[in-house]
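Per-entry structural report
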Amino acid sequence: MSDNLREQLLLLPAYFQGHLMLTLAAISMGVLISVPLGVWAEQSARVKRPLLAVVSIIQTFPSLAILALVVALLGGRIGFLPAFIALTLYSMLPIVRNTVTGLESVSASVIDAAKGIGMSPNQILREVKLPLAMPVIVAGIRTAMVWTVGLATLSTLVGATSFGNYIFTGLQTRNLVAVTVGSLASASLAVSLDGLVASMQWLLEKRSEAADSATLKRIRLSVYGITAIIVCLALYGLIPKPRADFVVAGKPFTEQYIMAGLLAQELEEAGFSVEQRLGMGSAVVYEAIRNGTVDVYVEYTGTVWANFMSRESNPGRQGIRSGVVGFLEEQNVTTVGFTGFQNRYALAMRRDRALELGVTSIEDLIPIAAELSAGSDLEFFGRTEWFRLRDLYNMDFADKLTFDVSLMYTAVAERQVDVISAYTTDGRVAAYDLLLLDDPRNALLAYDAMILASANAAAQPKFMQVLDTLVDSIPDEAMRQANRLVDVNGESITVALEYLRGEMTKN
Amino acid sequence: MIELKNVQKSYDGGATLAVADTSLTIERGEFLGLIGASGCGKTTTLKMINRLEEPSSGEILVNGRNVIDQNPEQLRRNIGYVFQGIGLFPHRTVAENVAAVPQLLQWSAGDIRARCEECMEMVGLPFDEYGDRSPSQLSGGQQQRIGVARALAARPEVVLMDEPFGALDPITRSELQEEFKSIQQNMALTVVMVTHDMTEALLLADRIAVMREGVVLQIGTPKELLNNPSHDYVRDIVAMPRRRAQRLEELMRNE
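Now for a look at the structure at hand. Values in this document were obtained by computation on a predicted structure and should not be read as measured data. (Residues numbered from 1 in each chain as written. Chains lettered and ligands numbered in written order. Predicted model: local features only at pLDDT ≥ 70, side-chain atom pairs only at ≥ 80, totals over all residues. Heavy atoms only, no water.)

**So, the overall build of chain B**
Here is the rule: Starting at the N terminus, helices and strands are each numbered in turn, a helix being any DSSP run of H or I of at least four residues and a strand any DSSP run of E of at least two. The globule rule is 2.2 Å times the number of residues to the power 0.38, and the radius of gyration it is compared with is taken over C-alpha atoms. Three labels apply to residues, based on accessible area from a 1.4 Å probe with only protein chains included: buried if under 20% of the type maximum, exposed if over 50%, partly exposed otherwise in between. Per-residue and other accessible areas were derived by the Shrake-Rupley procedure at a 1.4 Å probe size, with only the shown protein chains allowed to occlude residues.
Secondary structure summary: chain B contains 11 helices and 10 strands in total. What you see for chain B is a C-alpha radius of gyration of 19 Å, in line with the 18 Å of a compact globule of 255 residues. Its C-alpha atoms give chain B principal-axis dimensions of about 55 × 55 × 30 Å. Every one of the 255 residues in chain B was classed for burial, and the buried ones make up 52%. Roughly 11900 Å² of accessible area belongs to chain B as shown, and the carbon and sulfur atoms make up 46% of that amount.

Given below as structure tokens:
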């Protein structure tokens, strides 16, 4: 077994537990809310239409948007709760709809008979309509279950543990083993839970059969056994674990996984216990450090400047630094210090293509840009930096395409686009022999990496002492090589981290 | 005994009457047939007796008590009902179906079991053989036998029947008709049966009420209806069974 696979499988119990608890909690809550709502809707036409409309609309929202909205509504709270609420909302449509359909499909003559022999409306519901609608309701629960297991992978982005940790880390660090393990685990969980519910339903239908065969008894025993084990596993997660001293977080790309690993290692070596929340969305992790659910992570000055301060100007590297530090102070976030490297955007071309066109700086692009195609990550062309670049140089590209980051580099390497918005510390810049173009008119922002700490953590002198050793310790080149080990050579984060620590100029 | 006193029913606040000013008395142990075309008000009249419908005006007394003063569920549990669509509960066994009303009345398990055996025996489907089956495993005729057993399980004095044999094939139908008639006579049941089949009414009922457009045109014994129809409509609806009977008689004579 390869080291990589072994490393991934070691993570399985924790991810499985997180994923299972999240799914079961959301489905249980979904059933508790949706079945009564479905019953209510079936009895009142006035409720039915609006209710079905609302649950259908929830379903049409992109799942990521729901997660982000729930986080925002909870005042930036991350982790289990927002993921649980979003998944519960998502599970509602199939259960509500099938409850209504199931109840409506009970034959009128059976209901008339129940009424005619003297059953009360409650008895008709409990003893006739619900049992007869049960197969349809259970089918809805099974649909919701399979959806929820799949969607739970997204909860990684709001800081809840799930198989999504495998998938997002794997996608960003080009670790296909991790992606495969995560996807297979999620799919197997969906199939197993679905099968379990199906067999419980089958047993319920067999309940009235007088002759209990030995086989039936065995099946019943094993289904109950498995159910009990799964519920225990899920409940185990509810036992409060001793809270780690500090929560280290990171965004979903290679450099962030390496830096989060570095922060965690340094703190652990100093005797602290550390919990890692990796692969979180940029706005989510920033909100989390403000409210103290995250204690420390690595941020970039340009991101704070453009995204959180909404500034459109570019006062230069030092100007941004001091502006950002002051702003963060007001936000109750402590800037421990700058790490020494900068990971900013730069326009980049294949070296041979640049030579061929005689380009070394963005100014050289001005006369030919209208004939070139450009690729970017998912956000660059939507950022104010791009608008400023476009205006300052007064140029635009013929085509502007957006890609997943790995595909963006592949696209320029294979000449499908001429120019990309590269990251300056990305290992692939060197690996694909890309030329970073000069920016004489200062359109692009500086992105100095800096260590941010929550107010609570910053108040502890020993914590600050440990992190101070990391200030100004990582040159651009060291970070670029560490990233390259993962992104180009396919090494694990652990290997890159070891390399980086060897290259660090410790204070 | 069932009494209807000036009962009216309108579904549109009085603009049209589904049942218009009807008074009827059904004696204890009597079998009354309610006959008429679709929409004549016969089923509405039947359903008002156990409050599946409520009269717009007038009074209905069952054993001397106004039905409006009684809890509708309690009232229905004390009146047997055989349904047009049979209406057995498909998720329950045959025995559980028969036990439905005694269960609602919270009889003891032993009493329920004994009564189920008795009723199923009475309709010719022994408990030991049929009790654990699901209704879907029975033929249409067997299902309606269970429908009758369910209606009789709680020992009601009054049984209402809404076209109970309409969906059955002719042979099964006449078997069940005869069996039910003898059960009714043995137990001295008071029965009101809605039907649109005049032959069925003539053969089973002690008296027949002919309804048209919400009004009882004539009420009398089969003999009175056959010999002295008071309306053309009554004459018309007894004409067909009469012609058939005559034709059959001729056929047998010519043999």
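And the narrative resumes.
**Quick look at the interface of chain A and chain B**
Applied cut-off: Working rule for contacts: check all heavy atoms of both residues, and any pair within 4.5 Å makes them a contact. By buried area we mean the combined loss of accessible area, with a 1.4 Å probe, across both parts when two parts are placed together. Basic side-chain nitrogens of Lys or Arg form a salt bridge, by our definition, when they fall within 4 Å of a carboxyl oxygen of Asp or Glu. Counted as a polar contact is a pair of N or O atoms within 3.5 Å, where, for protein atoms, one must be capable of donating a hydrogen and the other of accepting one, and residues adjacent in sequence contribute only when both atoms are in side chains. By the convention adopted, Pro, Cys, Tyr, Trp, Phe, Met, Ile, Leu, Val and Ala count as nonpolar, Lys, Arg, Asp and Glu as charged, and the other residues, Gly among them, as polar.
At the interface, 18 residues of chain A touch 19 residues of chain B. The contact between chain A and chain B buries some 1600 Å² in all, and 66% of this surface belongs to carbon and sulfur atoms. Counting across the chain A and chain B interface gives 1 salt bridge. In this structure, A:Glu127 engages B:Arg92 in a salt bridge whose closest nitrogen and oxygen atoms are separated by 3.1 Å. Our count for the chain A to chain B interface comes out at 4 residue pairs in polar contact (both at pLDDT 80 or more). The set of elements that each furnish at least two residues to the side of chain A that touches chain B consists of α5 (108-116) and α6 (121-151) of chain A. A class-by-class count of the residues in the side of chain A that touches chain B yields 10 nonpolar, 5 polar and 3 charged.

**A short note on the nonpolar core**
Under the convention used in this document: Throughout this description, the term nonpolar core refers to a set of buried Ala, Val, Leu, Ile, Met, Phe, Trp, Tyr and Cys residues connected via side-chain atoms within 4.5 Å.
In this structure, A:Leu267, A:Leu365 and A:Phe397 are the most contacted members of the largest nonpolar core, which totals 118 residues. Beyond its immediate chain neighbours, meaning those up to four positions away, A:Leu365 contacts A:Leu347, A:Met349, A:Val359, A:Leu372, A:Met395, A:Phe397, A:Val419 and A:Leu437. Among the nonpolar cores identified, the runner-up in size contains 47 residues, and B:Ile35, B:Ile86, B:Ala153 and B:Ala201 belong to it.

**Describing the pattern of salt bridges**
When the charged atoms of two side chains with opposite charge come close together, those side chains can pair. Applying the stated criterion across every chain, the model contains 39 salt bridges over all chains. For A:Arg142, the salt bridge identified is with A:Asp194, shortest N-O distance 2.8 Å. Remark: A:Asp194 occurs in helix α8 (residues 176-206) and A:Arg142 occurs in helix α6; sequence separation between them is 52 residues. Looking at A:Arg142, the relative accessible area reads 25%, which means it is partly exposed. The exposure class of A:Asp194 is buried, given its relative accessible area of 18%. Across the pair B:Arg155 and B:Glu118 runs a salt bridge, and its minimum N-O distance is 3.8 Å. A residue pair is termed long-range when its members are at least 10 positions apart, and B:Arg155 in the loop between α7 (140-152) and β7 (158-162) and B:Glu118 in helix α5 (residues 109-122) qualify at 37 residues.

**Remarks on unusual backbone geometry**
With phi around 55°, A:Asp433 is a residue other than glycine that occupies positive phi space. Here A:Asp433 shows up in the loop between α18 (427-431) and β9 (434-436). Unusually for a residue other than glycine, B:Ala188 sits at a positive phi of about 50°. In this structure, B:Ala188 sits in the loop between α8 (170-187) and β8 (190-195).

**Focus: the packing of helix α1 (residues 3-43) of chain A against helix α4 (residues 80-104) of chain A**
When two helices pack together, their arrangement is given by the angle between the helix axes and by the axis-to-axis distance. Residue and element names in this part refer to chain A. To keep it simple, the criterion reads: Every axis in this analysis is a line fitted to C-alpha atoms, fitted for helices over the stretch in contact. Angles between the N-to-C directions lie between 0 and 180 degrees. Roughly parallel here means an angle under 35 degrees, roughly antiparallel means over 145, roughly perpendicular means 65 to 115, and every remaining angle is called oblique. Handedness of each helix crossing follows the sense of rotation of the near helix against the far helix: counterclockwise by less than a right angle gives left-handed, clockwise gives right-handed.
For the pair α1 and α4, interaxial distance at closest approach is 6 Å and the crossing angle is 40°. Classified by the interaxial angle, the pair formed by α1 and α4 is oblique. With respect to the hand of their crossing, α1 and α4 are arranged in right-handed fashion. Partitioned by chemical class, the residues of the contact of α1 with α4 number 21 nonpolar, 6 polar and 2 charged.

**Remarks on the side chain of A:Arg428**
Within the secondary structure layout, A:Arg428 lies in helix α18. Taking relative accessible area as the criterion, A:Arg428 reaches 4% and is therefore assigned buried.

**Thoughts on the pairing of strand β10 (residues 448-454) of chain A**
All names here are of chain A. What counts here: Only strands that DSSP links by at least two bridges are regarded as paired with each other.
In terms of burial, β10 is largely enclosed, as 7 of its 7 residues are buried. Neither face of β10 is exposed, since Asp-448, Met-450, Leu-452 and Ser-454 on one face and Ala-449, Ile-451 and Ala-453 on the opposite face are all buried. Summarising the sheet, strand β3 (residues 296-300) and β10 pair through 5 bridges and their orientation is antiparallel. Paired with Tyr-300 across the bridge in β10 is Ala-449. Here 6 bridges tie strand β4 (residues 333-342) to β10, and the two strands are oriented antiparallel to one another. By the bridge assignment for β10, Gly-337 is matched with Ile-451.

Scope: geometric values only; no functional claims are made or implied.
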